[in-house]
Amino acid sequence: MNRAQVLEEIRQEILVCPKCDLCESRITAVPGSGPLDADIFFVGEAPGQQEDLNGVPFVGAAGKLLTSLLSMIGIEREEVFITNVVKCRPPDNRDPRPDEISSCNPYLVSQIALIEPKVICTLGRFAMQTVIDPEMSITRSHGVPVRRSGIIYFPMYHPAAALYRGELKQIMKEDMLRLKALIDNEKEK
Ligand code: URA
């Protein structure tokens, strides 16, 4: 099987996944989207209502902000891989539970292992604590890269948080510019 087939197989598995209670309330699971050779891999929290209807991550209001932040640094959304810690929408957009995160985590681990991105950018506390370190604080750690085993992890606030706390939008813009500088620096190496 080639890499594209493996990615498709992971997607198909997610679409029919029965591993936690979220499978009972979801309309569509949201495996993730983006190219196999993406250098940048974004991890959000969980699908919301729009994503649950469409099967595509970050297509609602938070997604529009993410897309505009990316275009500010000259990156098209189609160039990056985007997924979530939890692939199915939690009812009423509640926080994902630890058991849901741990049932779903093997999918994220497989996607990362296959795509081998240069930078993993986590959006919000859940993604940061799942992917980087459960003890991290988003207030202290956002915008500061963490290098581990040849991968650069870059924690950011979640764009949905910036929609209701306006001051975070400026912080997210500054962090995006740091991400751009980091990527440019890596390309020169
Ligand atoms: N928020 C997320 O964390 N992920 C999505 O896909 C949409 C909104």
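Just above sits the structure.
Residues numbered from 1 in each chain as written. Predicted model: local features only at pLDDT ≥ 70, side-chain atom pairs only at ≥ 80, totals over all residues. Heavy atoms only, no water.

Visitor: Looking at this structure, how should I read the pairing of strand β5 (residues 151-156)?
Guide: If a strand is regular, its side chains alternate between the two faces of the sheet. β5 sits mainly inside the fold: six of its six residues count as buried. Both faces of β5 are covered, namely the face carrying Ile 151, Tyr 153 and Pro 155 and the face carrying Ile 152, Phe 154 and Met 156. Bridge count for strand β4 (residues 146-148) against β5 is three bridges, and the pairing is antiparallel. Within β5, the position partnered with Arg 147 by the bridge is Ile 152. Hairpin geometry of β4 and β5 is characterised by an intervening segment of two residues between the two adjacent antiparallel strands and by a positive phi of about 45° at Ser 149. (Buried < 20%, exposed > 50% of the residue type's maximum accessible area, 1.4 Å probe, protein only. Helix = DSSP H or I, 4+ residues; strand = E, 2+ residues; numbered from the N terminus. Pairing = 2+ DSSP bridges.)

Visitor: What is the right way to read the packing of helix α4 (residues 61-72) against helix α9 (residues 167-188) from this model?
Guide: Pairs of packed helices are described in terms of their axes, by the angle between the two and the distance that separates them. α9 packs onto α4 with a crossing angle of 45° between their chain directions and a minimal axis gap of 9 Å. One way to sum up the angle between α4 and α9 is to call them oblique. Once α4 is placed against α9, the crossing between them reads as right-handed. Only Lys 169, Met 172, Lys 173, Met 176 and Leu 177 of α9 make contact with α4, whose side of the interface consists of Leu 65, Leu 66, Leu 69, Leu 70 and Met 72. Its residues assigned to classes, the contact of α4 with α9 shows eight nonpolar, no polar and two charged. (Axes fitted to C-alpha atoms, helices over the stretch in contact; angles between N-to-C directions. Parallel < 35°, antiparallel > 145°, perpendicular 65-115°, else oblique. Left-handed = near helix turned anticlockwise from the far one by under 90°. Contact = heavy atoms within 4.5 Å. Nonpolar A, V, L, I, M, F, W, Y, C, P; charged D, E, K, R; others polar.)

Visitor: I would appreciate a short explanation of the environment of Leu 65 in the present structure.
Guide: Of note, Leu 65 is situated in helix α4. Look at Leu 65 and you get buried, because its relative accessible area is 10%. For the pair formed by Leu 65 and Ala 162, sequence separation is 97 residues and the distance between their alpha carbons is 8.7 Å. Ignoring sequence-local partners within four residues, the contact set of Leu 65 consists of Pro 159, Ala 162, Leu 163 and Lys 169.

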